[in-house]
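# A structural walkthrough
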Amino acid sequence: MSRVRTVLGDVRPGELGVCDAHDHLFLRSPQLPGQELDDASAARAELVAFRTAGGAAVVQWTPYGMGRRTADLPTLSRATGVRLVCATGLHQAAHYPAQMLQGLRGRLAEVFVAELTEGIGTTGVRAGLIKVAGGFHALDAHARWTMAAAAEAHHATGAPIAVHLELGTGALDVLDLLCEELEVPGDRIVLGHLNRFPDPVVQRQAAASGCWLAFDGPSRAHHATDWWMPEALRALADAGFADRLLLGGDTVVAGARSVNGGPGMPYLLRRVRPRLTQVLGTQLVDRILGVHPGQAFAVDWK
């Protein structure tokens, strides 16, 4: 029977509730010096703010080696009443020391499977998804290596694969690799950041694979996001892909948290939700936030 694997255990898809389908409570990277998400008190305050705005669950896409602070997640979930799903997986090579990547050679899929089925480190917390990343309009050798390992782990466990698309690009290359070459079913793939590359043809072609389309990271001044996203979602719904849509906040730096003066997780419900409701209607927006995440991240765990 399908279950979403949260940090407190598996739940039925319908129990997930209103969900931020792509965000981060903790994240560290040499690419973001001085902007780390590494404050447990701030993470708790952010979750409380999200809960107050009507949120019930958050899918954290922070992968292996980027400061997940997995041991803190169950405590945060219990304290705030927000269900949390955490990730295994690997980001772009630039986020890691070369020595760390070398140490994963030949055993990456094994690490993913262990974190999905046995637990992350000694925490006992199991991951609920595999997060990987493409490059800008291309897939380099690192991306192909990590996606091959993700596909192997998917076939061993059933876990969904969530993909960071660099500036929203490369969606079709990712699907060619994962679906065609590596035989991952389209509905087990979540493509992130599609709002950052506003190509309706590519979006429809991607949706035709059966994959999930995540529109995440709203209200970033240097990205085309809020002002055109409602019509992009409306076009996808009109084309028959209303059941493929997800929404997320993708908070990646400390200054973006609502408790630090940024939009943060509550913005998704406080501002994005009513704006989308004007164009898509309450029923569809409620499904995107409250039903689709449970379907996208539910697994018949092997």
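Below is a short write-up of the structure. Treat the numbers as computed from the prediction; the structure is a model and nothing was measured.

Quick notes on the rules
- Residues numbered from 1 in each chain as written.
- Predicted model: local features only at pLDDT ≥ 70, side-chain atom pairs only at ≥ 80, totals over all residues.
- Heavy atoms only, no water.
- Patch = residues over 30% accessible without salt bridge, like charges linked within 9 Å, V, L, I, M, F, W, Y side chains within 5 Å.
- Areas by Shrake-Rupley, 256 points an atom, 1.4 Å probe, with all protein chains shown as cover.
- Salt bridge = Lys/Arg side-chain N within 4 Å of Asp/Glu carboxyl O.
- Lys, Arg positive; Asp, Glu negative; His and termini not counted.
- Charge placed at Lys NZ, Arg CZ, Asp CG, Glu CD.
- Helix = DSSP H or I, 4+ residues; strand = E, 2+ residues; numbered from the N terminus.
- Expected span 1.5 Å × (residues − 1).
- Buried < 20%, exposed > 50% of the residue type's maximum accessible area, 1.4 Å probe, protein only.
- Arc of directions from axis to C-beta.
- Contact = heavy atoms within 4.5 Å.
- Core = buried A, V, L, I, M, F, W, Y, C linked by side-chain atoms within 4.5 Å.
- Disulfide = S-S within 2.5 Å.
- Pairing = 2+ DSSP bridges.
- Axes fitted to C-alpha atoms, helices over the stretch in contact; angles between N-to-C directions.
- Right-handed = clockwise from strand over helix to strand, strands pointing away.

Before going further, it helps to spend a moment on a negative patch on the surface. On the surface, a cluster of negative charge is made up of D173, D176, E180 and E181. Mapping D176 onto the fold places it in helix α6 (residues 171-181).

Between the first and last C-alpha of helix α8 (residues 229-241) there are merely 15 Å, a value that for 13 residues lags more than 12% behind the 18 Å anticipated at 1.5 Å per step. Of all the residues in α8, the buried ones are M229, P230, A232, L233, L236, A237 and F241. The buried residues of α8 all sit within an arc of 160° when viewed along its axis, so they share a single face. Considering only its buried residues, α8 is in contact with α7 (200-207), β10 (212-216), β11 (245-248), α9 (266-280) and α10 (282-290).

Take the nonpolar core next. Buried together is how nonpolar side chains tend to be arranged in soluble globular proteins. Of all hydrophobic cores here, the largest spans 81 residues; its most connected members are V163, L191, L213 and F215. Per-element accounting of this core gives the leading share, seven residues, to helix α5 (residues 141-157). Ignoring sequence-local partners within four residues, the contact set of F215 consists of L194, N195, Q203, W228, M229, A232, L233, L236, L245, L246, L247 and G248. Judged by nonpolar contacts, the second largest core, of 19 residues, contains A57, W61, W212 and A296.

Now for the pattern of salt bridges. The tally for this structure, following the rule as stated, stands at 11 salt bridges. Two residues, R126 and D10, come together in a salt bridge whose shortest N-O distance is 3.8 Å. In this pair, R126 sits in the loop between α4 (108-117) and β7 (129-133) while D10 sits in strand β2 (residues 9-11), placing the two residues 116 residues apart along the sequence. The class of R126 is partly exposed, set by a relative accessible area of 28%. Between E115 and R68 there is a salt bridge, with the nearest N and O atoms lying 2.9 Å from each other. Within this pair, whereas E115 is found in helix α4, its partner R68 is found in the loop between β4 (57-60) and α2 (73-80), the two being separated by 47 residues in sequence.

Right, let's talk about the state of the cysteines for a bit. If you walk through the whole model with that rule in mind, you get zero disulfides. In this model C86 remains outside any disulfide bridge; the closest cysteine sulfur is found in C19, 13 Å from its own. C179 provides the cysteine sulfur closest to C211, a residue in no disulfide bond, and the two sulfurs are 7.1 Å apart. For C211, a relative accessible area of 0% corresponds to the buried category.

Take W227: it is sitting in the loop between β10 and α8. The exposure class of W227 is exposed, given its relative accessible area of 66%. As for W227 and R275, which are separated by 48 residues in sequence, their C-alpha atoms are 9.5 Å apart.

Next up on the list: the sheet that holds β7. Overall, parallel pairing links the six strands, which are arranged β6-β7-β8-β9-β10-β11 in an open sheet. Because the sheet does not close on itself, it has two edges, and the strands there are β6 (87-89) and β11. Along the sheet, successive strands turn relative to each other by an average axial angle of 30°, direction set aside. As paired elements, strand β8 (residues 161-164) and strand β9 (residues 189-192) share four bridges and run parallel to each other. Paired with V163 across the strands is L191, a residue of β9.

Across the two faces of β4 the burial is the same, with A57 and V59 and V58 and Q60 all buried. Tracing the backbone out of strand β3 (residues 19-23), into helix α1 (residues 40-52) and back to the parallel element β4 gives a crossover that is right-handed. Where β4 lies against strand β5 (residues 83-85), three bridges are found, and the strand directions are parallel. Looking at β5, one finds that V59 is bridged to V85.

Next up on the list: the environment of R44. The residue R44 is located in helix α1 in this model. With a relative accessible area of 44%, R44 lands in the partly exposed category. Along the sequence, R44 and L25 sit 19 residues apart, while their C-alpha atoms lie 8.6 Å from each other. Setting aside chain neighbours within four positions, we find R44 in contact with L76, A79 and T80.

As a further point, take the sheet that holds β3. Taken together, three strands build an open sheet; the order of strands is β3-β4-β5 and the sheet is parallel. Both edges of this open sheet fall to β3 and β5, since each of them pairs with a single strand only. For this sheet, the mean inter-axis angle between neighbouring strands, taken without regard to orientation, is 15°. As judged from the three bridges shared by β3 and β4, these two strands associate in the parallel manner. Of the residues in β4, the one forming a bridge with D20 is V58.

Purely spatial values, then, with no claim about function.
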